[in-house]
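So you can see what is in the structure, the chains are spelled out below.
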Amino acid sequence: MSELRNAGNRSRLAQFDRVWGNLPGWGQLSAVNHTSVGLRFVVTGMVFFLIGGILAMLIRTQLALPEQDILSSSAYNQIFSMHGTVMMFLFAIPVLEGAAMYLIPKMIGTRDLVFPRLSALGYYCYLFGGIIIVSSLFLNMAPDAGWFMYTPLSGSFYSPGLGPDFWLLGITFVEISAMSAGVELVVSILRTRANGMSLRKMPIFCWYILAMALMIVFGFPPLILGSILLELERAAGMVFFEVAGGGDPLLWQHLFWLFGHPEVYIIFLPGAGIVSTLIPVFAQRPLLGYRWIVMAIILMGFISFGLWVHHMFTVGIPSLALAFFSMASMLVAVPTAIQFFAWIATLWTGRVVFHLPMLWILGFLIIFVAGGLTGVMLALVPFDWQVHDTHFVVAHMHYVLVGGMLFPLIAGFYYWLPHVSGRMPSDTLGRWGFWLTFIGFNLTFLIMHLTGLFGMPRRVYTYEAGLGWDLFNLISSIGGFIMAIGIAVLILDIALHFRFGQRARQNPWNADSLEWAVEMPVSTYNFASLPDVPTRHPMFEDPTLPQKIADGKYGLADISHGLREIYGSRAGTGKVMQVIHLPTNSWLPLQSAAIIAVVCLGLLTKFYWVALVAAVFAVLSLLRWSWHNGAHASSAPLTDGERTDPPLHSRMLDSPGLWGMVVAMMGNGTLYASLLFGWFYLWTAAPQWEAPTQGPLALMPLLLSGALLTLAALVFRVAVGRLRAGNGNGMQGLFWIASLIGLIHFGLLLWVLLSAPLEPTELAHDSVLTVMLMYLLIHSGLSTVVTAMQAMRVQLGYVSLRVPYEPIVVWPLWVYTLAIFWLAVAAFVLLPMGWGAA
Amino acid sequence: MLSISHPIQIVMGLIIWSVWFVVLYGLQGIGCNVAPPAAELGPWTWINALLLGLGVCVTLLLLFAAYRCWKAGQDQRVEEDSHRRFIARISGGIYLFSAIAAAAVTVPVVIYPPCV
């Protein structure tokens, strides 16, 4: 029982528990609150970490001595591919997303993330996708082309088995989870902060997560597109990466690393966020250079997108282009250095106490500096040519990722553990765990730099004795096992502390941030009342804040209505502008994710009709989800005497849904831009690019179809304009008209596609064109359907002048659909016509 | 002109840098595809000249924006610990870094031939 509960607040807090709590038994699966979902992400991620770790130990066992045959070359290929895949996609990103989902609402002084059902959907997509990928290991058909799946090795000719399909479909499924977390975190941070928490008062960790979430939104779509294209090439015989039909395998490398390099920073930024949060606590002083660090975070978020080609220095790109990327790769060291100097200055001017989490931070500082320096070395093109694809790169990568992510993550685990368990970890076991891991890690990977410099390539399953690599490999393997023992001690410590750990007092580390104002162990609603937070150090300035919050001294303390409520605030100033009603426990996320899993399995097993039927059901399930919103009886139905100061979000024009839609469209736009990049790349760089002499699309019907789409969007715009002006006349009719015109446009566009003499299995030109047309059709279809639903919702009273927000949310979808259509016409039809290329 | 205190200023410098980086890489690729200059010309080609000219313009633009933000950050009429000043100072720093970054990625055009 929390020390904050007393006779005065017990019954009210029990009511909060009922409203915000999960359902019992199997009902736990319908939980949507961020604490449960965040912890599920973290625990599941740790399970995948252990699986990835076991694979790492198999690799080190095989390489410990020369000429071993414990693993066959085929098994070894599967194991190193899966080690990278599991660690990067199923451990690093999801566990950090989970930690962010758990912490962010607590740090910004709210009760939940802004789209709770999306969090739950993301978790189930991650869980099911992860299970599908890992199951390939047990079926002995795991992907074996490396974690970045280079073509043509991963193409159907060289990899005819199902391994790459497991990877492509499973990873795309998991990435639904990443994208949903990205959208959710951006909108939550910008729109649900405590009253008065302006951007400059925001905890530094939130800046890091905001940058990470935006990077996910912009960074993942290129890989999603690449995976879709490669799967279409493998399964349907389309041509994107095959030279013979006008494709280019280098396109895959571009798409992969457009995602892959920012991903390193997507992983590093939350790790650095933990460091920036913990150092001031253990230095016992506020963080020095807050503004400098914010600047460094933003710089890193952008510059890291300009480095992708530094993974491709050896593929034959002109020196000038290499130099652009080499310069950008060195520039990214500047924001990293800014953060390091700020951390050192904070430590220098503080009184450092070496509690367990601080020890892991110290480990991070040492390891990450080393990894960063070898990164600058690799940014130099001639050096990169020397060590490319050797163990030097493997060592560098582990220094950056383990130093930059795992060490801060474990520091964070120890730091926030009392939150979850209400108990403190064991200092003795914890220190053993740290030193074993630290020594083991350095023994493994410091030596591995030498192994690489002595010329040992990566991804070889064995090596001859006497090449000068024997001792280095043996030491690395011994180090690897010491590290594994360290991790085992760590797990033992955490497991035992739940039973034997000392009870933690409120705010056990004397921290300054708001997440320590919640009950310990944590409740599902975080705060029983929502305080104003006009300071960066709320717990320093008012240590009695937790009790006042629990006693209901602040906003939204009344729970008698039985609804989940939070504040919605302005993005810049953090001033409260609305009350947001959040959905309660729901089966929709699990149901939708399960149906999407069937789509995935249908595609994997080549039962395409199963996949098709499941896809239809998935769309229906998601539309049903969208139906249960706004003024629907299950959400926030209209009542007399509603609160107006501040009003409910669904009664306003500016809602979190609009922000969610815009952020989602930004991610969607990145996918589209990647497709355009692919088109222009193949056109200008593919060695055997071939375009038909006559453009294959019927021009006039295409333009007519575009005119209809424009008309439909204009009609919708008229309805939205009237709504904004407070005039609800004829709204339902306008929505029906927009939907009907949209339907005719869709039919015409479909006819253009079906009647075109396209040969997508022969020509890359036609393959890209086909994908583009299908992309347009999906968006046109979606805009049409949701507009028809709006018309129905007007009929039922779910959309009206009193509940105006849904059409405002749909409008950006129309704008996007219109923009991509005309851009596609320009890039795929008009430009080639003008150029004489098609 | 966009207000100095608008939050979008925080990222505008880097958006301009990103666009410049894409244009730089894209124009080099397209230029080499459409009308590749002779290798023996070294960096004295129309592609390098075009990229250098554009690079200088982008850098100057970013420096001007940085100066504007710096001036706003010094404005004594604005409260020291205010949202407006915070945005101006962060934006100014980012514009300045973006200018340096734009110049840095342009430097190679005076050294290397474009298509070799």
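Residues numbered from 1 in each chain as written. Chains lettered and ligands numbered in written order. Predicted model: local features only at pLDDT ≥ 70, side-chain atom pairs only at ≥ 80, totals over all residues.

1. Some points on the overall build of chain B
Within chain B, the regular secondary structure consists of 3 helices and 0 strands. Counting helices and strands in the order they occur from the N terminus, chain B gives α-α-α. By principal-axis analysis of the C-alpha atoms, chain B measures approximately 60 × 20 × 20 Å. A total of 116 residues make up chain B; the buried ones form 40% of that total. Sequence-distant contacts, at least 24 apart, represent 80% of the contacts inside chain B between residues at least 6 apart. (Helix = DSSP H or I, 4+ residues; strand = E, 2+ residues; numbered from the N terminus. Buried ≥ 20, exposed ≤ 12 C-beta atoms within 10 Å, placed from the backbone. Contact = placed C-beta atoms within 7 Å.)

2. Considering the overall build of chain A
When you go through chain A residue by residue, the secondary structure sums to 24 helices and 2 strands. On C-alpha atoms alone, chain A measures out to a radius of gyration of 27 Å, which is about the 28 Å that the 2.2 N^0.38 rule sets for 838 residues. Overall size of chain A, expressed as C-alpha extent along the three principal axes, is 75 × 70 × 45 Å. Per-residue burial for chain A yields a buried fraction of 56% across its 838 residues. In chain A, 82% of the contacts between residues at least 6 apart in sequence involve partners at least 24 apart. (Rg over C-alpha atoms; globule rule 2.2 N^0.38 Å.)

3. Digging into the domain arrangement of chain A
For chain A, the assigned domains are domain 1 (351-503) and domain 2 (690-835). Between the C-alpha centres of domain 1 of chain A and domain 2 of chain A there is a distance of 51 Å. (Domains from an automatic or database assignment.)

4. Some details on the confidence of the model for chain A
On average, residues of chain A carry a pLDDT of 94, and 100% of them reach 70 or more. By mean pLDDT, the top-scoring element of chain A is helix H2 (residues 34-63) of chain A (97), and the lowest-scoring one is helix H1 (residues 10-20) of chain A (91). (pLDDT = per-residue confidence, 0-100.)

5. Some words on helix H13 (residues 391-421) of chain A
Along an α-helix, a turn takes 3.6 residues, which lines up residues three or four apart on a common side. Residues and elements named next belong to chain A. Along H13, the sharpest kink reaches roughly 40°, centred on Tyr 415 and followed within four residues by the proline Pro 418. In terms of burial, H13 is a largely internal element, 27 of the 31 residues being buried. Of the residues trailing H13, Gly 422 is marked for its positive phi of about 75°. (Bend = angle between axes of the 7 residues up to and from the residue.)

6. What to know about the confidence of the model for chain B
In the predicted model, chain B carries a mean pLDDT of 90, and the fraction of residues at 70 or more is 96%. For this predicted complex, the interface score ipTM comes out at 0.94, alongside a pTM of 0.95.

7. What about unusual backbone geometry?
Peptide bonds are, in most cases, trans, and in most cases residues other than glycine have a negative phi. All names here are of chain A. Here the amide bond leading from Thr 151 into Pro 152 is cis, since omega sits at 5°, within 30 degrees of zero. As for its placement among the helices and strands, Pro 152 is situated in the loop between helix H4 (116-138) and helix H5 (163-191). Going from Met 520 to Pro 521, the amide bond is cis rather than trans, its omega being -10°. Its identity as a non-glycine residue notwithstanding, Asn 507 has a phi of 50°, on the positive side.

8. Digging into the packing of helix H9 (residues 319-331) of chain A against helix H3 (residues 83-106) of chain B
Where H9 of chain A contacts H3 of chain B, the axes come no closer than 8 Å and their chain directions differ by 145°. Where H9 of chain A crosses over H3 of chain B, the two elements pack in a sense that is right-handed. Contacts between H9 of chain A and H3 of chain B pair Phe 324, Met 327, Ala 328 and Leu 331 of chain A from the former with Ala 101, Ala 104 and Val 105 of chain B from the latter. Considered class by class, the residues forming the contact of H9 of chain A with H3 of chain B number 7 nonpolar, no polar and no charged. (Axes fitted to C-alpha atoms, helices over the stretch in contact; angles between N-to-C directions. Left-handed = near helix turned anticlockwise from the far one by under 90°. Nonpolar A, V, L, I, M, F, W, Y, C, P; charged D, E, K, R; others polar.)

9. Some remarks on the interface of chain B and chain A
Contact residues are listed per partner, giving 32 residues for chain B and 25 residues for chain A. Breaking the side of chain B that touches chain A down by element, the ones donating at least two residues are helix H1 (9-34) and H3 of chain B. It is H1 of chain B that provides the largest number of residues to the side of chain B that touches chain A, a total of 13 residues. When grouped by side-chain class, the residues that make up the side of chain B that touches chain A number 25 nonpolar, 6 polar and 1 charged.

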